[in-house]
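Report on the structure
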Amino acid sequence: MNTAAKAISWHTLKRRALSLGAVKVFDQAMQFLLPVVLARCLDAHTFGEYRLLWLAVGTVMAVATLNMCGTLYLFVPRAEPRKKRLHIHQTLLYLALAGLVCGALLMPWDPLLPAPVRPLGSYGLLVPAFVALWVTSTLLDYLPTMEERIGWQAWGTVGTTVARAGLVAVAAWFTGDMRIILWALLAAVLLRLLILATYMSRFHGLGRPWFERAAFAEQFRCSLPFGISNALFSLRAQSDQWVAASRFALSSFAAFSIAALIWQVVNIVRHSVLDALLPSMSRSDPKVMLEMNSRANVLVGALLYPLLAFAFVFAEEIVTVVYTASYVEAAPVVRVYVLGMVVMAVEIGSVVLLLRQGTYAMGVSALMLVFSVALSWGASSEFGLAGAAAGSVAALYADRAIMLRRIAQQTGITVRKLQDWRSLAWALISSVLAACVAWTVAENLMDARGAFARAAIGGVTLVTTYAVLNLRKLR
């Protein structure tokens, strides 16, 4: 009976993960396709401004939110209705205040604005207003999922994604004006806030309690170390883009930022699985939690590694087809990033969170940030754009090694048993073998053809070969 219950539970969690994955695939696909449109209807300067805007927004989001939404996974699933409402309201108030502060720091007259971001000051209060509202609306990306209302999360994500991409694409296509694009972004973020307010009103109400000092202090104390750790981790991931923006021409930075979009592939797979598992992991004992994490990472590796292998082998073709040959210098950067993403299949952030090892993770992240910036800055001088990406990739491997040892110490389970390393290794090896076959076919049969034909034939060959190599597991 217990075994059947566990099987049903895992089947349900797997279905939720795949459902969220489909939604996130759509969301990330729209975010991936939008720059494709913008690169074709905006001049290089305006496209560079658009990419710098989102780099600035990403940096603000890394620092401002302090993982307040993430820690709701610890408080909301097990709380009674009044406490749920309290923690949700306090999180919303915190995000609104953080958004206002960050918006104020991006005012056009701020002398501390980084040099690459200063051109955005010509748009007056549009950028600060968008940033403030975007930070506030972040709760919508977490709340329905943590309460296991997957349908709400799906429709909310799809609706706001379509609205944002559609408004921005129309504005860029017909005007090519960054100011109009910013107005379109403001309209999209207001829609996000409206959906969030509707959800909260329906399931929790908008009445009291809104704030209790003791409850907020408990939530903030739990959130702070993880928030700082996540901020340092995100800044480490973004630091190479700031290095590229500081050291290379705008066109080269645009190519570099295009290569960075490959990280969205990882986020699609990892977060869809993680978001579905966290509520159940939060209610589990450490042994079950680690077992669920291990099984989830095998699922992530099986989905992720073939995509990474394809991106590595056909980097030039992908960039040429998607963004035109003008940005082909992004291909070496894509390959460097792919090497880093291999280790990202081993997701341990959820385990670190649930074991409350935030303070230790914060120290590791601070060390890795310094290491990453120093390496990227030095390598960019020697190896150009690809060198600028080296720091974050090297830091990823060092971070995983350190944190896996820490989890082993805290749980009494050896690193060898923390993950199903054999299954992960086979997923990687079979992906590499499939990529070699795909490259051989494309090189010998499609050498004189265009980039699209090579990528298409290579992709089909890779998927087919990978499926054959994993036929037993697919049954």
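As a reminder, the structure under discussion sits directly above these lines.
Fair warning: this is a prediction, and the values are worked out from it, not measured in the lab.

A tally of regular secondary structure across the chain gives 22 helices and zero strands. Buried residues in the chain amount to 53% of all 475 residues. By sequence separation, contacts in the chain at least 24 residues apart represent 82% of the contacts at least 6 residues apart. When the accessible area of the chain is evaluated, it comes to approximately 21000 Å², of which 67% is carbon and sulfur surface.

This part takes up a nonpolar patch on the surface. A cluster of nonpolar side chains, namely Val37, Val170, Trp173 and Phe174, defines an oily patch on the protein surface of about 460 Å² accessible area. Relative to the helices and strands, Val170 resides in helix H7 (residues 150–174). By relative accessible area, which is 48% here, Val170 ends up partly exposed.

Counting residues in each nonpolar core, the largest one holds 109 residues, and the members touching the most others are Leu139, Ile181, Tyr327 and Tyr337. With eleven residues, the single largest contributor to this core is helix H8 (residues 178–203). Setting aside chain neighbours within four positions, we find Ile181 in contact with Leu42, Tyr50, Val168, Ala171 and Ala172. Counting residues in hydrophobic clusters, the runner-up holds 18 residues, among them Ile348, Met368, Leu404 and Leu418.

Below, the discussion takes up the packing of helix H14 (residues 331–341) against helix H18 (residues 390–411). It is at 9 Å that the axes of H14 and H18 come closest, and there the two elements cross at 10°. Classed by the angle they form, the pair H14 and H18 counts as roughly parallel. Here Val336, Tyr337, Leu339 and Gly340 of H14 come into contact with H18, specifically with Ala390, Ser392, Val393, Leu396 and Tyr397. Its residues placed into classes, the contact of H14 with H18 shows seven nonpolar, two polar and no charged.

The next thing to look at is H14. Most of H14 is tucked away: eight of the eleven residues are buried. Residues Ala331, Val333, Val334, Val336, Tyr337, Val338, Gly340 and Met341 constitute the buried set of H14.

A separate point is the packing of helix H4 (residues 81–105) against helix H5 (residues 126–136). When two helices pack together, their arrangement is given by the angle between their axes and by how far apart the axes lie. Packing of H4 against H5 leaves a shortest axis separation of 7 Å and a crossing angle of 160°. For the element pair H4 / H5, the angle class is roughly antiparallel. Crossing geometry of H4 relative to H5 is assigned as right-handed. Here H4 contributes Leu92, Leu95, Ala96, Ala98, Gly99, Leu100, Cys102 and Gly103 to the contact with H5, which in turn contributes Pro128, Val131, Ala132, Val135 and Thr136. Tallied by class, the residues present in the contact of H4 with H5 amount to ten nonpolar, three polar and no charged.

Now for helix H20 (residues 421–445). Along its 25 residues, H20 runs 36 Å from first to last C-alpha, staying within 8% of the 36 Å computed at 1.5 Å per residue. For H20, every residue scored as buried is listed here: Ser423, Leu424, Ala427, Ser430, Ser431, Ala434, Ala435, Ala438 and Ala442.

What follows deals with the side chain of Ser239. On the secondary structure map, Ser239 appears in helix H9 (residues 213–247). Looking at Ser239, the relative accessible area reads 7%, which means it is buried. The residues touching Ser239, leaving out its near neighbours within four places in the chain, are Ser372 and Val373.

Attention now moves to the environment of Ala171. Assignment of secondary structure puts Ala171 in helix H7. Here the alpha-carbon distance between Ala171 and Leu185, two residues 14 residues apart in the chain, equals 9.8 Å. Residue contacts for Ala171: discarding those within four places in its chain leaves Gly176, Ile180, Ile181 and Ala184.

Cut-offs applied
- Residues numbered from 1 in each chain as written.
- Predicted model: local features only at pLDDT ≥ 70, side-chain atom pairs only at ≥ 80, totals over all residues.
- Heavy atoms only, no water.
- Helix = DSSP H or I, 4+ residues; strand = E, 2+ residues; numbered from the N terminus.
- Buried < 20%, exposed > 50% of the residue type's maximum accessible area, 1.4 Å probe, protein only.
- Contact = heavy atoms within 4.5 Å.
- Areas by Shrake-Rupley, 256 points an atom, 1.4 Å probe, with all protein chains shown as cover.
- Patch = residues over 30% accessible without salt bridge, like charges linked within 9 Å, V, L, I, M, F, W, Y side chains within 5 Å.
- Salt bridge = Lys/Arg side-chain N within 4 Å of Asp/Glu carboxyl O.
- Core = buried A, V, L, I, M, F, W, Y, C linked by side-chain atoms within 4.5 Å.
- Axes fitted to C-alpha atoms, helices over the stretch in contact; angles between N-to-C directions.
- Parallel < 35°, antiparallel > 145°, perpendicular 65-115°, else oblique.
- Nonpolar A, V, L, I, M, F, W, Y, C, P; charged D, E, K, R; others polar.
- Left-handed = near helix turned anticlockwise from the far one by under 90°.
- Expected span 1.5 Å × (residues − 1).

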